[in-house]
Amino acid sequence: AFPMGGIGGAPFVGKTGFAAFSHHAPDGGHVVVFYGPHVGILRSGEVGKYHRHGQEDVSTACGALSAAFAQCRCGKHGPKHFDV
């Protein structure tokens, strides 16, 4: 395994990162890249929520990604509106 993800599951390593992990493959070998978002899905099909074992209430998964998405949708733009 060669971790190269970031929030949202996309491979965020760029050309340098892809070159770095390609040096771990055998000569003449191949590389398979699997990626996916860190996101929960309820049995009902609702995306962004998860019912964790041992917890009564449903929570967000991924909370940080859900918050970022909500901030993008809020209609406020510019650095003064972002929580960084």
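Residues numbered from 1 in each chain as written. Predicted model: local features only at pLDDT ≥ 70, side-chain atom pairs only at ≥ 80, totals over all residues. Heavy atoms only, no water.

A. Seen up close, the overall build of the chain. Each helix and strand in the chain was counted, giving 2 helices and 2 strands. Traced from its N-terminal end to its C-terminal end, the chain shows the element sequence α-β-β-α. Per-residue burial over the chain gives 11% buried out of 84 residues. Partitioning the intrachain contacts of the chain with sequence separation of at least 6 by distance along the chain shows that 21% fall at a separation of at least 24. About 7000 Å² of surface is accessible on the chain, with carbon and sulfur atoms providing 59% of the total. (Helix = DSSP H or I, 4+ residues; strand = E, 2+ residues; numbered from the N terminus. Buried < 20%, exposed > 50% of the residue type's maximum accessible area, 1.4 Å probe, protein only. Contact = heavy atoms within 4.5 Å. Areas by Shrake-Rupley, 256 points an atom, 1.4 Å probe, with all protein chains shown as cover.)

B. Representation of the state of the cysteines in the model. Applying the stated criterion across every chain, the model contains 0 disulfides. Just so you know, Cys74 is unpaired, no disulfide at all, and the nearest cysteine sulfur is the one on Cys72, 8.1 Å from it. Judged by its relative accessible area of 43%, Cys74 falls in the partly exposed class. (Disulfide = S-S within 2.5 Å.)

C. Representation of unusual backbone geometry. A cis amide bond links Ala61 with the next residue in sequence, Cys62, at an omega value of 5°. Mapped onto the fold, Cys62 is located in the loop between β2 (59–60) and α2 (63–73).

D. Up close: the packing of aromatic side chains. A complete count under the given rule lists 1 aromatic pair for this structure. Between Phe18 and Phe21, the ring centres sit 5.1 Å apart and the planes meet at 55°, which makes this aromatic pair tilted. Residue Phe18 and its partner Phe21 are both found in helix α1 (residues 14–22); the two are separated by 3 residues, about one turn of the helix. Among the residues examined, Phe18 registers a relative accessible area of 35% and is labelled partly exposed. Residue Phe21 is classed as buried on the basis of its relative accessible area, which comes to 9%. (Phe/Tyr/Trp six-rings, centres within 6.5 Å; stacked < 30°, edge-to-face > 60°.)

E. Highlighting a nonpolar patch on the surface. Together, Phe18, Val31, Val33 and Tyr35 make up an exposed nonpolar region whose accessible area comes to about 380 Å². You can see Val31 is positioned in the loop between α1 and β1 (49–50). (Patch = residues over 30% accessible without salt bridge, like charges linked within 9 Å, V, L, I, M, F, W, Y side chains within 5 Å. Salt bridge = Lys/Arg side-chain N within 4 Å of Asp/Glu carboxyl O.)

F. Structural view of the pattern of salt bridges. Throughout the structure, instances matching the rule amount to 1 salt bridge. Between Lys49 and Glu46 there is a salt bridge whose closest N-O contact spans 3.3 Å.

Remember that the coordinates give geometry; whether it matters functionally is a separate question.
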